Amino acid sequence: KAGVTQTPRYLIKTRGQQVTLSCSPISGHRSVSWYQQTPGQGLQFLFEYFSETQRNKGNFPGRFSGRQFSNSRSEMNVSTLELGDSALYLCASMSSGGFQETQYFGPGTRLLVL
Amino acid sequence: LAKTTQPISMDSYEGQEVNITCSHNNIATNDYITWYQQFPSQGPRFIIQGYKTKVKNEVASLFIPADRKSSTLSLPRVSLSDTAVYYCLVAPGGYNKLIFGAGTRLAVHP
C-alpha cells in the first residue's frame with residue numbers, strides 16, 4: 001500500500017501571501033489530521049477531517065483552514081502568511097479513528113515565509 | 001492525555017542494543033503506548049505500539065511492565081541510520097490530537 005503523500009515538498013512564500021498544501025492519505029483511510037512542526041513549539045495539532053467534515057480542531061487562528069474531498073484527499077490553506085508560519089506541515093491519516101488505530105504520517109511540506 | 005517523560009538524548013555505537021525508557025505515571029486504562037521515529041525534515045514514522053507486556057516487530061521491541069507506568073523501546077543492533085529523534089506517546093487508541101513531547105535524540109556513532 002502506498003503511504004501518505006504530500007505536495008509540494010518545499011515551498012517559499014512571502015509575508016501576506018496565501019498557500020495551499022495537499023495531502024493524499026493511505027488508500028482506505030478516511031481520517032486526515034494536520035500538524036505544524038517548528039523547532040520552538042514542537043509538533044502541534046491543527047485539525048482533523050473525517051468524511052469531508054472537520055471533526056477536531058487545535059488552537060490555531062482562523063488563517064489556518066482546511067477541507068477534505070470525497071476521495072479523502074485533504075488540503076490545508078494558510079492565508080495572510082506571517083514569518084512565524086515557517087514550519088514543517090505534516091499530515092497523518094488513519095482509517096477511521098477507531099479503537100487501537102494509529103496515525104501514519106506523510107513526509108511533510110517545508111514552508112518558508114520570507 | 002498522560003504526560004510522558006523520556007531522556008533528551010542518548011548516544012550509542014553501531015551494533016549495540018539501545019533501550020529508551022519512557023515514563024507515563026498517569027496512563028489511563030484505555031491508553032496505548034506508541035513510539036515514532038523522526039528524521040530531520042521528515043514526518044514521524046510509526047515504529048511500534050503496545051498495551052501491556054511485550055510487543056515485537058521486525059524493527060523493535062516494546063516492553064511494558066504490569067503497572068504500565070513506563071515502557072522501554074528496544075532497538076537491536078543499531079546502525080548509523082538509526083540516528084533520529086524517538087517519540088513516546090500515550091493516548092487512547094484512535095486518538096488523533098497527538099501531543100508530541102521533545103523526544104529522545106539518539107546519536108549512533110561508528
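Residues numbered from 1 in each chain as written. Chains lettered and ligands numbered in written order. Predicted model: local features only at pLDDT ≥ 70, side-chain atom pairs only at ≥ 80, totals over all residues. Heavy atoms only, no water.

### Looking at the interface of chain A and chain B
Each side of the interface is counted separately: chain A has 25 residues, and chain B has 19 residues. Interface area, chain A with chain B, both sides summed: about 1700 Å², of which 51% is carbon and sulfur. Applying the counting criterion to the chain A and chain B interface returns zero salt bridges. Taken together, the links from chain A to chain B amount to five residue pairs in polar contact (both at pLDDT 80 or more). If you list the elements that add at least two residues to the side of chain A that touches chain B, you get strand E4 (31-38), strand E5 (42-50), strand E6 (53-57), strand E9 (87-94) and strand E10 (104-105) of chain A. (Contact = heavy atoms within 4.5 Å. Buried area = accessible area lost by both parts, 1.4 Å probe. Salt bridge = Lys/Arg side-chain N within 4 Å of Asp/Glu carboxyl O. Polar contact = N/O pair within 3.5 Å; in protein donor to acceptor, adjacent residues only side chain to side chain. Helix = DSSP H or I, 4+ residues; strand = E, 2+ residues; numbered from the N terminus.)

### Here we look at the state of the cysteines
All names here are of chain B. Evaluation of the coordinates by the stated rule reveals two disulfides over all chains. Between Cys-22 and Cys-88 runs a disulfide, and the two sulfur atoms are separated by 2.2 Å. Across the disulfide from Cys-22 to Cys-88, rotation about the S-S bond amounts to roughly -80°, and the bridge is consequently left-handed. Of this pair, Cys-22 sits in strand E2 (residues 18-23) while Cys-88 is found in strand E8 (residues 84-92), placing the two residues 66 residues apart along the sequence. A residue is classified by how much of its surface remains accessible, and Cys-88, at 2% relative accessible area, is buried. (Disulfide = S-S within 2.5 Å. Buried < 20%, exposed > 50% of the residue type's maximum accessible area, 1.4 Å probe, protein only.)

### Some words on the pattern of salt bridges
All names here are of chain A. Applying the stated criterion across every chain, the model contains five salt bridges over all chains. The salt bridge partner of Arg-55 is Glu-48, with a shortest N-O separation of 2.7 Å. Owing to a relative accessible area of 0%, Glu-48 belongs among the buried residues under this scheme. Residues joined in a network through salt bridges with shared partners are Arg-63, Glu-82 and Asp-85.

### Re the pairing of E6 of chain A
All names here are of chain A. The pairing of E5 with E6 spans four bridges and is classified as antiparallel. Within the sheet, the bridge partner assigned to Phe-50 lies in E6 and is Thr-53. Hairpin connection, E5 to E6: the antiparallel pair is bridged by two residues, and Ser-51 has positive phi, about 50°. (Pairing = 2+ DSSP bridges.)

### Describing the packing of aromatic side chains
In the structure shown here, the tally under the stated rule is eleven aromatic pairs over all chains. Measuring from centroid to centroid gives 5.8 Å for Phe-105 of chain A and Phe-100 of chain B, while their planes differ by 85°, and the two rings are edge-to-face. Of the two residues, Phe-105 of chain A is situated in strand E10 and Phe-100 of chain B in the loop between E8 and strand E9 (104-109); the pairing between them involves two chains. Note on Phe-105 of chain A: relative accessible area 10%, which makes it buried. Following the ring pairs from residue to residue traces out a cluster consisting of Tyr-35, Phe-45, Tyr-104 and Phe-105 of chain A together with Tyr-36, Phe-46, Tyr-87 and Phe-100 of chain B. If you follow Arg-55 of chain A out to its NZ or CZ, it ends over the ring of Phe-50 of chain A, 4.2 Å from the centre. One residue, Arg-68 of chain B, lies across the ring of Tyr-51 of chain B, its end atom 3.9 Å from the ring centre. (Phe/Tyr/Trp six-rings, centres within 6.5 Å; stacked < 30°, edge-to-face > 60°. Lys NZ or Arg CZ within 6 Å of the ring centre and 35° of its normal.)

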